[in-house]
Each structure stands twice: as C-alpha cells, then as structure tokens.
There are 2 protein chains.
Amino acid sequence: MPYELFYWPSIQGRGEFVRLALEEAGADYVDVARERGLGEMSRLMEGEGTVTPPFAPPFLRDGEVVVGQTAAILHYLGGRIGLAPRNEGARLWTHQLQLTIADFVDEAHDLHHPIASSLYYHEQKAEAARRAVDFRETRIPKFLSWFERVLELNPGGDKHLVGRRTTYADLSLFQVVEGLNYALPRTMEWALQDSPHVAALHAAVGERPNIRGYLESERRIPFNDDGIFRHYPELDA
Amino acid sequence: MPYELFYWPSIQGRGEFVRLALEEAGADYVDVARERGLGEMSRLMEGEGTVTPPFAPPFLRDGEVVVGQTAAILHYLGGRIGLAPRNEGARLWTHQLQLTIADFVDEAHDLHHPIASSLYYHEQKAEAARRAVDFRETRIPKFLSWFERVLELNPGGDKHLVGRRTTYADLSLFQVVEGLNYALPRTMEWALQDSPHVAALHAAVGERPNIRGYLESERRIPFNDDGIFRHYPELDA
C-alpha cells in the first residue's frame, strides 16, 4: 500500500521536506490533497477515523499509523525508506538536525509574517522589513555556520551531515538553501561564501538523479507567494 | 552516572520541560550551568569533545550521548525514566504532541519578541502589541482546543494525553498552561473555560507529589522577565 501524504496542494511548504524524501527513495506514495481534494485531510484533522488527529498538515498515513509534524514524519519514514542511519545514536542525531532545520524554516516563514499568519504580507510589511535585518545579519549566518561546522565535524566526511550516505537531513538542508536562494538571492550569495560545504551539499543533492528528475517534473510545485519561501526584493540585502 | 542537563541557569525557558521530567521521575541529574558555570556548555556547543555539537541549549549528556532540541531530549529520556509509553506507535504520538507543544512555546516567546530575540522587548513593544491580538484571539484557542480534543479522544481516558499514565507530554502541557497563566492571566481565565480537560490536567499535574515538591523547592526558578513566559500586562486582554 502506498504512503499517503496529506498537505496543501498548491505550495511546497513544509510538505516539501517529506516529498523530497519520498522522491529520493523512489517510494510509492500518493499526494492525497492534490489527487483527491481536501476533504479527507480536513476530516482526519477533526479526529474522524483516528484518535491521533494531527494539529496541522503535513501528515502521513501508513496503514493504521497517522503521523504529523514534519520532523516526526521524517523520523518515522527515514529508516523505512533508507534515508536514515541504522545506528540509534546516529538516527537521533539526524532527527536533531531536522528539528534545527525546522526552527530555521519557522524563522524563514516569520520573516514575511512576523505579526500573524492570518494576516496578509502587505498588512505587516513594515514589521517584516524590520525583522528581515536581524534574519539576514544574525540568524542566517548563525544557522549556516552551524551546519558548516556539523559537516566539518562529521567523521563520515564533509559531503554529508551524518555518516557516509545521504539522509533526509541532507535533502532538507538542500531545500532550505534552495528556498532562501529564491527568497533572498543577494543575501545568500554572500552568506554561502562563508559556508562552502553547505553550498557543495546543496549542489550535490540537486544533481542526484531522483531529485533532479523530481525538480524537473510537474510534481514539483514552483515557488510562489503563498509558500514559506517568498521573493520580496524589499526584504533582501 | 547522573544525567547532565545543560541550560541557562537563570530562567525556566525550554530547559524547564526537561527539568520537570527529571524531577517527576526522581532521576539523578546535574543542572550543569547552575552548579558548575557556563564554560562546559559553551565548549560543547563549539564542538569541543563532541562531533554532535548542539545548536542551542537545552541539551543533555548521558555518558557518550549528547542530545539537543527539547523534544528530542524528552523522546530520548522518556522511555528510560518511565515517562513514555512502551508501544512504538504511542511513543511516536507522545513525541508528536511534544513537537506541537514546542510550536506553541515558540509562539508564546515570539509574542514579546516578534522582531528579533537579539533586541529588547521595549525595542519591539509596538509590534508585540499587534502580535498579541492574534495570539490571544486565534492561536491560544486553536492550540488549547486541539489539546482538549486529544484528551477527549484518548482511548485511555481524558485524564492524560496518551494512555492511562503520566507522560512527559502531560508535564509539558502543565508547564505551558502554568506559563501562560502567569503571562496572560486575564486571557487564560476565559480560554481555559472552553478547555476543561486541559484545566483539569494542569491542576492534577501540579498536585503530583514530586512536581509539587519541586515547584516549592529552590530548584524551581521563578518566572521572570528574561524567560519565555513574561507578564507584560499590556499584552494581556
């Protein structure tokens, strides 16, 4: 039975971290809301047919199991689709990296929505401009330099975040860099110069055959002004 | 060997979710920065003596294992100290609840810091006042009503979030309610009327002997204006 991914059908958003893992693994999956509409997704969130209703998309159904929270989905899937290490300690470390990526993604979202997700960007533009300064000058360098150090310290080599093989954390770091390159191209051009291993990982993941095929397919939703990563030039350096 | 918790010594913050679990379990632990200063914590974050440097406190050391990210620490500890279910599916659900609590906590922090953590509250007071409206009217009710539904749907009964016994998720939900009661007392008085099971869980956890003893001890750092939950009356209803 295919994995069933439940996520908004018109954005990459947080669901994209799961899509990338499923695509890299060549796993059999259904992107439910894109193929069958939003009804099932809403009903599961309301607790119909499950005693573990997810708080928000994305969530994954695998037979009887329903699991929400992007990092928990990847922790669940990782070992099953060959994108997490077998060793328990290394698996926990991979999960920790993903949770830190999730924090980075939250901040990338709040960059354009510092006041409320329920308001439009144009209603919080002044506050976003102020938040952008700190995000560009403090937060992006702090996150990127940490990932750079993790790559340098990896006993399996600086090509991967964990061990000697690609994990879902590598794919997720690719997606954050891809998203920020789109959203803040001028900032990222400078920032990546200080994080050469992160830049190299981003390039290498983009060249992996399954990822490349996916990115070129119709399944990859283009970046747009509804997602997490948005190109508002006034927020860039 | 005792567990070693690394966290800022003068605030409850995110470390408090780990402290509550260790206290409830009666586990042997050292609150390292409070007992031995900040040096070791800084060195570990810089990657000295570990190839898995945490991004930020809190983190836990258990012999050779260093684990960061509050939810991952609790996921690691839960089974070892008797505060997580044995069943794998139930354990994943407990972790998912904790990750949603973490999201709620992030928003409770950004309530008073919508622009940047590196700025003082008084430098972002106007933006905080705007953010507070949405947090009080939309976000608190959304999170509390979800936890209320989770309690109602729990096949083990509405006294616990998961199964029939106290898990670290129950303790963490207690802490969020405790923190918001302190920060936004007028808002919470109304909000909890719509979430009676959440209110009952909060009261019951506070009466557990080990938790009560801890809350009355010197080990419990009082709420203050440096932590996540701050009482700024102008942000309350």
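In what follows, the structure referred to is the one given above.
Residues numbered from 1 in each chain as written. Chains lettered and ligands numbered in written order. Predicted model: local features only at pLDDT ≥ 70, side-chain atom pairs only at ≥ 80, totals over all residues. Heavy atoms only, no water.

(A) Spatial organisation of the overall build of chain A. Along the backbone of chain A there are 10 helices and four strands. Listing each helix as α and each strand as β along chain A from the N terminus yields β-α-β-α-α-β-β-α-α-α-α-α-α-α. Taking the principal axes of its C-alpha atoms as reference, chain A extends roughly 45 × 45 × 30 Å. Out of the 237 residues belonging to chain A, those deemed buried represent 59%. Across chain A, every contact between residues at least 6 apart in sequence was considered, and the portion connecting residues at least 24 apart equals 69%. Within the structure as shown, chain A displays about 9,800 Å² of accessible surface, and the carbon and sulfur contribution to it stands at 50%. Separation of charge centres in chain A, based on 25 positive and 35 negative side chains, amounts to 3 Å. (Helix = DSSP H or I, 4+ residues; strand = E, 2+ residues; numbered from the N terminus. Buried < 20%, exposed > 50% of the residue type's maximum accessible area, 1.4 Å probe, protein only. Contact = heavy atoms within 4.5 Å. Areas by Shrake-Rupley, 256 points an atom, 1.4 Å probe, with all protein chains shown as cover. Lys, Arg positive; Asp, Glu negative; His and termini not counted. Charge placed at Lys NZ, Arg CZ, Asp CG, Glu CD.)

(B) Broad picture of the relation of the copies chain A and chain B. Turning chain A through 180° and shifting it by 0.0 Å along the axis lays it on chain B, with an RMSD of 0.0 Å. The transformation just described matches what one would write down for a two-fold rotation axis. Minimal C-alpha separation from the rotation axis in chain A is found for A:Pro114, amounting to 2.8 Å. By residue overlap, the copies meet face to face through one surface: 100% of the interface positions of chain A are interface positions in chain B. (Least-squares fit on C-alpha atoms with pLDDT ≥ 70 in both.)

(C) The arrangement of helix H5 (residues 88–110) of chain A in detail. All names here are of chain A. Taking 1.5 Å per residue as the helical rise, H5 with its 23 residues ought to reach 33 Å, and the 33 Å between its terminal C-alpha atoms agrees with that figure. Here H5 lies mainly inside the structure; 18 of its 23 residues are buried. Looking at where H5 begins, the residue whose side-chain oxygen comes 2.9 Å from the main-chain nitrogen of Gly-89 is Asn-87. (Expected span 1.5 Å × (residues − 1). Polar contact = N/O pair within 3.5 Å; in protein donor to acceptor, adjacent residues only side chain to side chain.)

(D) Quick look at unusual backbone geometry. All names here are of chain A. Of note, the amide linkage connecting Pro-57 to Pro-58 takes the cis form, showing an omega dihedral of 0°. Its location among the elements puts Pro-58 in the loop between helix H3 (39–45) and strand E3 (59–62). One non-glycine residue with positive phi stands out, namely Gln-69, at about 75°. One can find Gln-69 in the loop between strand E4 (65–68) and helix H4 (70–80).

(E) How the structure looks around the interface of chain A and chain B. Each side of the interface is counted separately: chain A has 46 residues, and chain B has 46 residues. Where chain A abuts chain B, roughly 4,000 Å² becomes buried across the two surfaces, and 58% of that area is made up of carbon and sulfur atoms. With a closest N to O distance of 2.8 Å, A:Arg130 and B:Glu127 form a salt bridge. At the surface where chain A touches chain B, the tally comes to 21 residue pairs in polar contact (both at pLDDT 80 or more). Put simply, the parts of the chain that give the side of chain A that touches chain B at least two residues each are E4, H4, H5 and helix H6 (125–153) of chain A. Taken together, the residues that form the side of chain A that touches chain B break down as 20 nonpolar, 12 polar and 14 charged. (Buried area = accessible area lost by both parts, 1.4 Å probe. Salt bridge = Lys/Arg side-chain N within 4 Å of Asp/Glu carboxyl O. Nonpolar A, V, L, I, M, F, W, Y, C, P; charged D, E, K, R; others polar.)

(F) The arrangement of the pattern of salt bridges in detail. All names here are of chain A. For the structure on display, the rule yields 36 salt bridges over all chains. The shortest N-O distance in the salt bridge between Glu-48 and Arg-43 comes to 3.9 Å. One salt-bridge network, held together by shared partners, links Glu-16, Arg-19, Asp-31, Arg-34 and Arg-220.

(G) A look at H6(A). Under the 1.5 Å per step criterion, the end-to-end length of H6(A) is 40 Å for 29 residues, consistent within 8% with the ideal 42 Å. Along H6(A), the largest kink reaches about 45° and is centred on A:Phe135. (Bend = angle between axes of the 7 residues up to and from the residue.)

(H) Highlighting the environment of A:Tyr76. Structurally, A:Tyr76 is set in helix H4. A sequence separation of 147 residues divides A:Tyr76 from A:Phe223, and the C-alpha atoms of the two residues are 27 Å apart. When neighbours within four sequence positions are excluded, A:Tyr76 is seen to be in contact with A:Leu60, A:Asp62, A:Val65, A:Val67 and B:Leu92.

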